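Residue-level structure breakdown
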Amino acid sequence: MNRPALGVLLSSLLAVTASAQTSPQPQPQPVPQPPPLATPVDKPYVGPIDLSVDARNVTDRVEHVHELIPVVPGSSEMVLLFPEWIPGEHAPSGPIDNLAGIVTTVDGKRVQWTRSTVDVYAFHVPLPRGAKSVGLDFDYLTPIKPSVGRIEFSDAILDLKWNQVLMYPSGYFSRDITFHPTLTLPSGWKYATALEQASGETQSNTPPADGTIHFAATTLNTLVDSPLYAGINFARYDLTPAATDPVHLDVFADKPEQVKMTPEELDLHKKLALEADKLYASHHYKHYDFLLLLSDVVGGEGLEHHQSSEDGTGADYLTDWAAGIGDRDLLAHEYTHSWNGKFR
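Here's what I pulled together on the structure shown here.

Conventions and cut-offs
Residues numbered from 1 in each chain as written. Predicted model: local features only at pLDDT ≥ 70, side-chain atom pairs only at ≥ 80, totals over all residues. Heavy atoms only, no water. Pairing = 2+ DSSP bridges. Helix = DSSP H or I, 4+ residues; strand = E, 2+ residues; numbered from the N terminus. Phe/Tyr/Trp six-rings, centres within 6.5 Å; stacked < 30°, edge-to-face > 60°. Buried < 20%, exposed > 50% of the residue type's maximum accessible area, 1.4 Å probe, protein only. Contact = heavy atoms within 4.5 Å. Patch = residues over 30% accessible without salt bridge, like charges linked within 9 Å, V, L, I, M, F, W, Y side chains within 5 Å. Areas by Shrake-Rupley, 256 points an atom, 1.4 Å probe, with all protein chains shown as cover. Salt bridge = Lys/Arg side-chain N within 4 Å of Asp/Glu carboxyl O. Lys, Arg positive; Asp, Glu negative; His and termini not counted. Charge placed at Lys NZ, Arg CZ, Asp CG, Glu CD. Axes fitted to C-alpha atoms, helices over the stretch in contact; angles between N-to-C directions. Core = buried A, V, L, I, M, F, W, Y, C linked by side-chain atoms within 4.5 Å.

1. Quick notes on the sheet that holds strand β3 (residues 77–81)
- Strand order in the open sheet formed by 4 strands is β6-β7-β3-β10, with antiparallel pairing between adjacent strands. Strands at the two margins of the open sheet, each flanked by one partner only, are β6 (114–115) and β10 (168–169).
- In this structure, β3 lies alongside strand β7 (residues 122–126), joined through 5 bridges in antiparallel fashion. Of the residues in β7, the one forming a bridge with leucine 81 is alanine 122.

2. Considering the packing of aromatic side chains
- Under the definition given, this model contains 17 aromatic pairs.
- Seen from their ring centres, tryptophan 162 and phenylalanine 215 are 6.1 Å apart, and the 85 degrees between their planes marks the pair as edge-to-face. Linking tryptophan 162 in the loop between β9 (157–160) and β10 with phenylalanine 215 in the loop between β13 (212–214) and β14 (218–219), this pair joins segments that are 53 residues apart in sequence.
- Accessibility expressed as a relative area gives 0% for tryptophan 162, which makes it buried.
- Their ring planes at 70 degrees and their centres at 5.0 Å tell us that tyrosine 288 and phenylalanine 290 sit as a pair that is edge-to-face.
- Here tyrosine 288 falls in the buried class, since its relative accessible area comes to 0%.
- According to the relative accessible area criterion, phenylalanine 290 is buried, its value standing at 0%.

3. Details of the environment of valine 120
- Positionally, valine 120 belongs in the loop between β6 and β7.
- Taking the C-alpha atoms as reference points, valine 120 and glutamate 84, separated by 36 residues in sequence, lie 9.6 Å from one another.
- Beyond its immediate stretch of four places on either side in the chain, valine 120 contacts Ile96 and Arg115.

4. Quick notes on a negative patch on the surface
- Taken together, the side chains of Asp296, Asp316, Asp320, Asp327 and Asp329 define an acidic patch exposed on the protein surface.
- Tracing the backbone through its elements, the reader meets aspartate 296 in the loop between β18 (288–294) and β19 (301–304).

5. Points about the pairing of β3
- Counting buried positions over the 5 residues of β3 gives 4, a clear majority of the element.
- Where β3 lies against β10, 2 bridges are found, and the strand directions are antiparallel. Across the sheet, the residue bridging to leucine 80 is proline 169, located in β10.

6. Quick look at the pattern of salt bridges
- Under the criterion given, the structure shown has 12 salt bridges.
- Its salt-bridge partner being aspartate 159, residue arginine 150 comes within 3.0 Å of it at the nearest N-O pair.
- Under the relative-accessibility criterion, arginine 150 is labelled partly exposed at 22%.
- Here aspartate 250 ties to arginine 236 by a salt bridge, and the two come within 2.7 Å at their closest N and O atoms.

7. Brief notes about the sheet that holds strand β20 (residues 308–313)
- A sheet is described by the order of its strands in space; here 5 strands give the open sequence β16-β17-β18-β20-β19, paired in mixed fashion. Each end of this open sheet is capped by a strand with a single partner; those strands are β16 (234–238) and β19. With direction set aside, neighbouring strand axes in the sheet form an average angle of 15 degrees.
- With 5 bridges connecting them, β16 and strand β17 (residues 247–253) associate as antiparallel partners. Bridge pairing in β17 links phenylalanine 234 to phenylalanine 252.

8. Some points on the nonpolar core
- Trp162, Leu166, Met167, Phe179, Leu183 and Leu185 are the most contacted members of the largest nonpolar core, which has 52 residues in total.
- Residues in contact with leucine 166, not counting those within four places in the same chain, are Leu51, Glu67, Phe82, Pro83, Phe138, Phe179, Leu220, Leu223 and Val224.
- The next biggest cluster of nonpolar side chains, apart from the first, holds 23 residues, and it includes Leu249, Leu292, Trp321 and Leu331.

Have a look at this one:
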């Protein structure tokens, strides 16, 4: 570059710099907030939501979810919420970071959802005029390392928390939203839950031949409060203290020998139910299920529910009974919460 041309370039740069110094840069300004999410109203949602969960992917430990959600007539948008406040937590800590592959459709046609800019648990789905239903598909990626989170799924046991495998429309109380849940399990697995099977199906802990269990319609709050344990090594023990107070202990373990209970162990667990029956002189559940997992792979647990409890301890709880005295208060603790906490 010759000197005259270089001089012209430098003059131009100086002029631009001077202009920038005399013209103030635009400063950040507040952005208007979007409209708030609808305040819940205490009235029934327009129709039941079909919820299907496929838990057969034992290798990757991924649970696939499909929902079909009726649209309130005349709506131009549906806002779907992933449960934020969940059982046993004292903060809004629903594991939304474990969701993947979220796809929405309207009447069978792909429609792109958008994430709320102020609430990460909310997803906006635009609705064309006359829309009838929204389809929702996503995967729940269960932790595969303890450093990521509690292990909930192994090649022998599943601890299914329904709040992790569903979304629901905003603007309604959970008690006013009805779900029709179904679950498909790996071949040969058994299951236990406080939920009841759909009318006309055999009440059993063994799924039908295709592995799909159809549960009776239930409200969202009851569904979330009714977790399910499943696994390949299973035993059920009757602890019923009275004909009007059905209580069962549903045991799942890493190995088949770990679910076997001696007569002494069974008698002590029966006394637990009997003492509670005499102590409280009442029961408000239709039936109660202790969901007990004995595992050195799936993480331990202690979580109360109205008609069941999630109880998890080491694999040797029954096989080394004398050494497990420190874990024996777990069932009684969570059982008491059915009166103190859930019922209250």
